[in-house]
Amino acid sequence: MIVYEGKAVFEGIAIGKLSVYKKNEETVKREKVEDVEAEIARYTSAREEAVAQLQALYEKAVKEVGEASAEIFEAHQMMVDDDDFVESVESIIRTQEVNAEYAVAETGDNFKKMFEEMEDEYFRGRAADIKDISERIVRILQGNGGEGIDSEEPVIVVADDLAPSETVQMDKDKILSFVTVHGSANSHTSILAKTMNIPAVITCPIPLTDEVDGKEAVVDGFEGKVYVEPTPEVLAEKQKLLQTELEKKALLEELKGKENVTLDGQKINLYANIGNTKDLGLVVKNDAGGIGLFRSEFIYLGSSDYPTEDEQFAIYKQVAETLAGKKVIIRTLDIGADKQADYFQLPAEENPAMGLRAIRICLTRPEVFKTQLRAILRASAFGKVSIMFPMIISVDEVKEIQGILAEVKAELDDEGIAYDKNIETGIMIETPASVIMAEELAKEVDFFSIGTNDLTQYTLAIDRQNQSLDKFYDSHHPAILKMLKMVVDAAHKYGKWAGICGELGADLSLTKEFLAMGFDELSVSPGRILPIRKIVRETDVSAYKAGK
Ligand code: PEP
Ligand code: MG
């Protein structure tokens, strides 16, 4: 047995034969051509064919792994038609009087190198995409079809790295796991592995030779290890683990498409928390009913300057469109405290958690706030969007926010820009003051979502970042549970809905209790949706209440 260790990017166990993925790499020869215009015409029609192939791949991927993961093929279509790329190919054909295959391969190499040298990790990651599209065009020019894995039985695919078009063209039923020598946690291999729910190990120094090809192996996506020709003991241990995993998965899969309804007919919405658009695949895959918390500050944290209205609009629109009519609750900027972006130039504070953060920044910098509100409102024309405000402590604050929102809406009206005139607005309940004022606040907004992470820190006076206080931190503290009930009751008294979007919402030991309290929604990380649905469907709320 030889054990190779890499980085696990998705958990799970796979047992099967290793199959070294052989790329269909054609050698490209440089050949002189007489008629450069004919060569350019050949290139143009290969480009059109590439776009058509990518469109077909896009449609296949949408069906198999969801809109968000499929988007890469839309991006590839754009790359194929990118002006700089096309100009470069045509100029090589014209000036050097050479064949289109050579010009495309040469341009692909140059662009790939350019991307590889970029500082931004994201762009460096795109070098593989450039290679992917140029190889596709070359294959078309050479009259070659697509590629795939050549195996009758399901295998563990081992590769140097996999381009998105390679992974999507593979027959998913034949893949047990991905193991790659290169690739990053952001690579498409890992994104697709997560979406496909199969284990994946990257940066694994496994040889891509006959030494492993066809051999029996175990991929442990918990440890990030690949056991080639495992000993009978290791094999037996991993088989047991796999069995437990399969049983769990099968049970949860069966719950997809099913309602979140208790045995006695009580319903609850199960939504997902996301930090960026990369999470959308999981939202779809885990059958979330919507997005209950989009932490928009990650857009700001990922920028080196204030994100513009258009940049934000594009992101919110993508989320709204992907969710296709399901609710998307965008929380406005919650920066400050532990989430710092240098360009905000926030003053150093003695007590940042109790300092200038979240809505307080928005109310002191209305121009930043308005830019975000405009972007969210514009996106509301493309789906079902709600706005949520963080760190609220008073009714006055909410009134001030509504005033600013009304100004922004009036501006959009003047400019004739479409938005949802009835956009739902809500607040996070994450300060003790907002709990005490919940009834008054309920009159002003459409919904409450409880941020138990901050609510616990402010109620118990325990810094959520300070690990040395862990032994004092009781997430089930009766004060918190009482507060949750007060908030639901206040919301319902005024006909509003209430949910939880803090981590406590995903605590399976409290699901029954949340149902008994009457929560309308729980917003949790995507992978928690089906386990919670399972409990909901097995609960009889009246019996639970009677037994308390
Ligand atoms: C919370 O405080 O519970 C919450 C959901 O917001 P965040 O964790 O982003 O502060
Ligand atoms: Mg919070």
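Structural data are supplied above this passage.
Quantities reported herein were computed from a predicted structural model and do not represent experimental measurements.

Peer 1: Sorry if this is basic, but what is going on with the coordination of the magnesium ion (ligand 2) here?
Peer 2: Perfect tetrahedral coordination of a metal by four donors corresponds to 109.5 degrees between them, and perfect octahedral coordination by six donors corresponds to 90 or 180 degrees. The magnesium ion (ligand 2) binds to the protein through Glu-430 (OE) and Asp-454 (OD); the donor distances cover 2.1 Å. Here the residue Glu-430 occupies a position in the loop between strand S13 (424-429) and helix H16 (432-436), and Asp-454 occupies one in helix H18 (residues 452-460), the gap between them amounting to 24 residues. In this pair, the class of Glu-430 matches that of Asp-454, namely buried.

Peer 1: Help me understand unusual backbone geometry in this model?
Peer 2: Trans is the common state for peptide bonds, and a negative phi is the common state for residues other than glycine. Residues other than glycine seldom take positive phi values, yet Glu-97 does so here, at roughly 50°. By secondary structure assignment, the location of Glu-97 is in the loop between helix H3 (83-96) and helix H4 (100-116). Its identity is not glycine, yet Gln-345 carries a phi of approximately 45°, on the positive side. Looking at the secondary structure, you find Gln-345 in the loop between strand S11 (327-331) and helix H13 (359-364). Given a relative accessible area of 65%, Gln-345 falls into the exposed group.

Peer 1: Please explain the nonpolar core as it appears in this structure.
Peer 2: For soluble globular proteins, the rule of thumb is that nonpolar side chains tend to be buried together. Core analysis: the largest hydrophobic core is formed by 85 residues, its most contacted members being Phe-344, Phe-448 and Phe-519. In this structure, Val-36, Ile-40, Val-89 and Leu-141 belong to the second largest nonpolar core, which totals 35 residues.

Peer 1: Is there a simple way to think about empty space enclosed by the protein in this case?
Peer 2: Space left empty within the atom packing is revealed by a probe, the size of a water molecule, rolled over the atoms. Counting across every chain of the model gives 1 cavity of 30 Å³ or more. The volume enclosed by the largest cavity comes to roughly 100 Å³. Contributing to the lining of the largest cavity are 15 residues, with Arg-331, Glu-430, Asn-453, Asp-454 and Arg-464 lying nearest its centre. Those elements that provide at least two residues to the lining of the largest cavity are strand S10 (290-295) and H18. In the lining of the largest cavity, the residues fall into 3 nonpolar, 3 polar and 9 charged.

Peer 1: Help me understand the site of ligand 1, please; the structure alone is not making it clear to me.
Peer 2: The full set close to ligand 1 counts 14 residues, and Arg-295, Arg-331, Gly-451, Asn-453 and Arg-464 are the nearest of them. One of the side-chain N or O atoms of Arg-295 is found 2.8 Å from an oxygen atom in ligand 1. One of the side-chain N or O atoms of Arg-464 is found 2.8 Å from an oxygen atom in ligand 1. Protein contacts shield 98% of the accessible area of ligand 1, which totals 290 Å² for the unbound molecule. Among the detected pockets, ligand 1 sits in the largest cavity. When residues of the shell around ligand 1 are traced back to their parent elements, those giving at least two are S10 and H18. With 3 residues, the single largest contributor to the shell around ligand 1 is H18.

Peer 1: Looking at this model, I keep getting lost on a negative patch on the surface. Mind explaining?
Peer 2: Residues Asp-82, Asp-83, Asp-84 and Glu-87 make up a contiguous surface patch of negative charge. Mapped onto the elements of the fold, Asp-82 is located in the loop between helix H2 (67-80) and H3. The exposure class of Asp-82 is partly exposed, given its relative accessible area of 32%.

Peer 1: How should the layout of surface pockets be read in this particular structure?
Peer 2: For the second largest pocket, the calculated volume is near 610 Å³. Listing elements by their share of the lining of the second largest pocket, those giving two or more residues are helix H9 (232-253), helix H10 (280-285) and helix H21 (529-538). In terms of residue count, the dominant contributor to the lining of the second largest pocket is H9 (6 residues).

Peer 1: Even after reading the chapter, I still don't get the sheet that holds strand S1 (residues 2-5), so can you show me in this structure?
Peer 2: Strand pairs in the sheet, formed through backbone hydrogen bonds, run parallel or antiparallel to each other. The strand order across the open sheet formed by 8 strands is S1-S8-S7-S3-S4-S5-S6-S2, and the pairing between neighbours is mixed. The sheet is open, and its two borders are formed by S1 and strand S2 (7-10), each paired with just one other strand. Taken pair by pair, the neighbouring strands of this sheet meet at an average axis angle of 30°, ignoring direction. Bridge analysis of strand S4 (residues 155-159) against strand S5 (residues 175-180) gives 5 bridges, and the strand direction is parallel. Its bridge partner being in S5, Val-155 is matched across the sheet by Ile-175. Here H9 sits on the sheet and contacts strand S3 (13-20), strand S7 (216-220) and strand S8 (225-228); the angle it forms with S3, its principal contact strand, is near 115°.

Peer 1: Got a minute to help me understand the sheet that holds S10 in this structure?
Peer 2: In space, the 8 strands of this closed barrel follow the order S9-S10-S11-S12-S13-S14-S15-S16, with parallel pairing throughout. Across this sheet, the average inter-strand angle for adjacent strands is 25°, counted without regard to direction. Across the sheet, helix H14 (residues 366-379) is in contact with S11 and strand S12 (384-389); its angle to S12 comes to roughly 155°.

Peer 1: What am I meant to see in the pattern of salt bridges here?
Peer 2: Two side chains of opposite charge can pair, provided their charged atoms sit close to one another. Under the criterion given, the structure shown has 36 salt bridges. The closest approach of N and O atoms between Asp-287 and Arg-533, which form a salt bridge, is 2.8 Å. Here Arg-533 lies in helix H21 and Asp-287 lies in the loop between H10 and S10, a separation of 246 residues in the sequence. Each member of the pair, Asp-287 together with Arg-533, is buried. With a closest N to O distance of 2.7 Å, Glu-309 and Arg-374 form a salt bridge. On the criterion of sequence distance, the pair formed by Glu-309 in helix H12 (residues 309-323) and Arg-374 in helix H14 is long-range, its members being 65 residues apart. Across the pair, exposure class does not vary: Glu-309 and Arg-374 are buried alike. Several salt bridges converge on common partners, so that one network encompasses Glu-309, Asp-310, Lys-370, Arg-374, Arg-378, Glu-407, Glu-411 and Glu-415.

Peer 1: What is the right way to read the side chain of Ser-434 from this model?
Peer 2: Summarising the element assignment, Ser-434 is placed in helix H16. Since its relative accessible area comes to 0%, Ser-434 is described here as buried. Apart from the residues lying within four places of it in its own chain, the contact partners of Ser-434 are Ile-392, Ile-429 and Leu-441.

Peer 1: Would you mind going over the pairing of S4 with me for this structure?
Peer 2: Two faces belong to every sheet, and in a regular strand the side chains alternate between them. Counted residue by residue, S4 has 5 buried out of 5 residues, so it is predominantly covered. The alternating pattern of S4 places Val-155, Val-157 and Ala-159 on one face and Ile-156 and Val-158 on the opposite face, and all of these are buried. In this structure, S3 lies alongside S4, joined through 4 bridges in parallel fashion. In the sheet register, Lys-17 faces S4, and the bridge partner there is Val-155.

Definitions and cut-offs
- Residues numbered from 1 in each chain as written.
- Chains lettered and ligands numbered in written order.
- Predicted model: local features only at pLDDT ≥ 70, side-chain atom pairs only at ≥ 80, totals over all residues.
- Heavy atoms only, no water.
- Donors = N, O, S within 2.8 Å, 3.2 Å for Na, K, Ca; no water.
- Helix = DSSP H or I, 4+ residues; strand = E, 2+ residues; numbered from the N terminus.
- Buried < 20%, exposed > 50% of the residue type's maximum accessible area, 1.4 Å probe, protein only.
- Core = buried A, V, L, I, M, F, W, Y, C linked by side-chain atoms within 4.5 Å.
- 1 Å grid on protein atoms, 1.4 Å probe; cavity = no way out; pocket = protein on both sides within 12 Å on 5 of 7 lines; lining within 4 Å.
- Points joined across faces, edges and corners; volume = space filled by probe spheres on them.
- Nonpolar A, V, L, I, M, F, W, Y, C, P; charged D, E, K, R; others polar.
- Near = heavy atom within 4 Å.
- Polar contact = N/O pair within 3.5 Å; in protein donor to acceptor, adjacent residues only side chain to side chain.
- Areas by Shrake-Rupley, 256 points an atom, 1.4 Å probe, with all protein chains shown as cover.
- Sits in = over half its atoms within 2 Å of the grid points.
- Patch = residues over 30% accessible without salt bridge, like charges linked within 9 Å, V, L, I, M, F, W, Y side chains within 5 Å.
- Salt bridge = Lys/Arg side-chain N within 4 Å of Asp/Glu carboxyl O.
- Lys, Arg positive; Asp, Glu negative; His and termini not counted.
- Charge placed at Lys NZ, Arg CZ, Asp CG, Glu CD.
- Pairing = 2+ DSSP bridges.
- Axes fitted to C-alpha atoms, helices over the stretch in contact; angles between N-to-C directions.
- Contact = heavy atoms within 4.5 Å.

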